[in-house]
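Fold and geometry: a report
Next come the chains, spelled out residue by residue.
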There are 2 protein chains.
Amino acid sequence: GRKVLIVYAHQEPKSLNGSLKRVAVEELSKQGCSVTVSDLYAMQFEPRATRNDIVGFLHNSEEFNYGVETWEAYKRGALSNDLIEEQKKVQEADLLIFQFPLYWFSMPAIMKGWMDRVLVQGFAFEFPNCYDSGLLKNKLALFSFTTGGGKEMYAKGGTSGDIRYLLWPMQHGIMHFCGVKVLAPHICFAPEYVSEEERKEMLIAWAQRLKTLWKEEPINCSPEWYFK
Amino acid sequence: GRKVLIVYAHQEPKSLNGSLKRVAVEELSKQGCSVTVSDLYAMQFEPRATRNDIVGFLHNSEEFNYGVETWEAYKRGALSNDLIEEQKKVQEADLLIFQFPLYWFSMPAIMKGWMDRVLVQGFAFEFPNCYDSGLLKNKLALFSFTTGGGKEMYAKGGTSGDIRYLLWPMQHGIMHFCGVKVLAPHICFAPEYVSEEERKEMLIAWAQRLKTLWKEEPINCSPEWYFK
């Protein structure tokens, strides 16, 4: 059975994000996948990249460099326990699903903190092993999120521009950089402004997509996909 | 005298980011500006958007909606003190400078949390008052940051794509959305891979730019600037 990690960032289980997460757990489990959820708010996950992420001595205590220190700590097994736990989950997963409400054209800070802290050098990449040769190659990622604004705002020529513009840093800058292949995003536009009936249809559509997810081809994660 | 708020996110005062921040404080103060710094790591600024940001009762305690709750709390003066403090600083400022190391094609989570939590509806925007009519109009913003990768990586056709691609969510999606006009970014490429001498030149170039900053015209913050 395949392994899936859902990294989930919503404060409210009753939210549409909460329901989308639940639907994914149910549908993927039904398929025989083993599903793990990192419920970031429930875990009170720490988003700040600080000296506390390194257990014991520093490589250079004169001038703190987070990237260098976490790289060195990774190599000697001295990252903090919460990071080691998350890295284990990532290592085992065939697919990472990120489920969140869009905050300011990006993921909520608590999820950005997961990226900043978990994907350390040595674990997720190590020069020159980045992009297609990133250390997490052979994994898939999928960004599943809700928006405040409607679909027409996120169109080419809309006030907020093509939704693909804002996917570049997340899909290319993070996932592709680590070698992860990216499936098409799953976007629920403006759930707060539609009927209960339409929100139910959103959940059904997500469950439906998941049924054939493993047959999907990754996107071609290059500027053409985002900006052409 | 003009008022400047520097929102600063680096753990190490001796870092280039620390020096860039110091240079800005010195140069702008010399000009007669009044400069305030929000040193996010030193403040242990909370990046997580939670119920704790609302003092007292909730508008809807059955189903927590962060955007609605902070909007309602703003209107009745019931946001947490740290947010009220930051909003005061923003309100008074003519110019916001964001100083940070680029983490994963974006700002560090601690700074994303500042955006998520400080720029609440009612304070920074209120439909239909967004983009050119956002509530923070008549202010300027400038993103000043360092990168890990070199300039050639962040070129059109480079592995990381044009650096402007990743500025879209920050400059357009956040600042422009709130009505803030955006000055050209200030980017120090790969300071960790250049000589001490070149890092000094980076500081001099920043001080130099700040001397005539108030004469600069904002960029035309539309898709053409980013993706053409």
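Bear in mind the structure is a predicted one, so any value in this text is a computation, not a measurement.

1. Points about the side chain of B:T70
Residue and element names in this part refer to chain B. You can see T70 is positioned in helix α2 (residues 66–75). At a separation of 2.8 Å, a polar atom in the side chain of T70 contacts the main-chain carbonyl oxygen of Y66. Those residues in contact with T70 that lie beyond four places of it in its chain are I54, L79 and V120.

2. Quick look at the side chain of B:T146
All names here are of chain B. Relative to the elements of secondary structure, T146 occurs in strand β4 (residues 140–146). For T146, a relative accessible area of 5% translates into the label buried. With sequence-adjacent residues up to four places away left out, T146 is seen in contact with L16, N17, L20, F100, P101, L102, C188 and P191.

3. Digging into the pairing of strand β1 (residues 3–8) of chain B
In regular strands, side chains alternate between the two faces of the sheet. All names here are of chain B. Counting buried positions along β1 yields 5 of 6 residues, so the element is predominantly enclosed. As judged from the 6 bridges shared by β1 and strand β2 (residues 34–39), these two strands associate in the parallel manner. Following the sheet pairing, K3 is matched in β2 by S34. Tracing the backbone out of β1, into helix α1 (residues 16–30) and back to the parallel element β2 gives a crossover that is right-handed.

4. Observations concerning the UniProt feature "domain: Flavodoxin-like fold" (unreviewed entry) in chain A
In the numbering adopted here, UniProt assigns the feature "domain: Flavodoxin-like fold" (unreviewed entry) to residues 3–210 of chain A. This span, residues 3–210 of chain A, is 36% helix and 15% strand, and a straight line between its end C-alpha atoms measures 14 Å.

5. A word on the relation of the copies chain A and chain B
Each copy of the sequence occupies a distinct position, and chain A is placed on chain B by a rotation of 180 degrees and an axial shift of 0.0 Å, giving an RMSD of 0.0 Å. Both chain copies can therefore be described as sitting about a two-fold axis. Among all C-alpha atoms of chain A, that of A:A109 lies closest to the rotation axis, at 2.5 Å. Here 100% of the interface residues in chain A have copies in chain B that are interface residues too; the copies meet face to matching face.

6. Regarding the packing of aromatic side chains
All told, the structure shown has 47 aromatic pairs over all chains when counted by the stated rule. For the pair A:F177 and B:W104, a centre-to-centre distance of 5.6 Å together with 80 degrees between the ring planes defines the contact as edge-to-face. Residue A:F177 is found in the loop between α5 (163–175) and β5 (181–182), and its partner B:W104 is found in the loop between β3 (95–101) and α4 (109–118); the two belong to separate chains. According to the relative accessible area criterion, A:F177 is buried, its value standing at 9%. On the accessibility criterion, B:W104 (14% relative accessible area) is buried. The ring of A:W225 is capped by A:R164, whose NZ or CZ atom sits 3.8 Å from the centre of that ring. Over the ring of B:W71 we find B:K75, and its NZ or CZ is 4.4 Å from the ring centre.

7. Describing the packing of α1(B) against helix α6 (residues 196–211) of chain B
All names here are of chain B. It is the contact of α1 with α6, at a shortest axis distance of 9 Å, that shows an interaxial angle of 30 degrees. Judged by the inter-axis angle, α1 sits roughly parallel to α6. Classified by chirality, the crossing of α6 by α1 is right-handed. The segment α1 lies against α6, with L16, S19, L20, V23, A24, E27 and L28 engaging R199, M202, L203, W206, A207, L210 and K211. A per-class count over the contact of α1 with α6 returns 10 nonpolar, 1 polar and 3 charged.

Rules and cut-offs
- Residues numbered from 1 in each chain as written.
- Chains lettered and ligands numbered in written order.
- Predicted model: local features only at pLDDT ≥ 70, side-chain atom pairs only at ≥ 80, totals over all residues.
- Heavy atoms only, no water.
- Helix = DSSP H or I, 4+ residues; strand = E, 2+ residues; numbered from the N terminus.
- Polar contact = N/O pair within 3.5 Å; in protein donor to acceptor, adjacent residues only side chain to side chain.
- Contact = heavy atoms within 4.5 Å.
- Buried < 20%, exposed > 50% of the residue type's maximum accessible area, 1.4 Å probe, protein only.
- Pairing = 2+ DSSP bridges.
- Right-handed = clockwise from strand over helix to strand, strands pointing away.
- UniProt positions renumbered as here; feature names shortened; annotations may be inferred.
- Least-squares fit on C-alpha atoms with pLDDT ≥ 70 in both.
- Phe/Tyr/Trp six-rings, centres within 6.5 Å; stacked < 30°, edge-to-face > 60°.
- Lys NZ or Arg CZ within 6 Å of the ring centre and 35° of its normal.
- Axes fitted to C-alpha atoms, helices over the stretch in contact; angles between N-to-C directions.
- Parallel < 35°, antiparallel > 145°, perpendicular 65-115°, else oblique.
- Left-handed = near helix turned anticlockwise from the far one by under 90°.
- Nonpolar A, V, L, I, M, F, W, Y, C, P; charged D, E, K, R; others polar.

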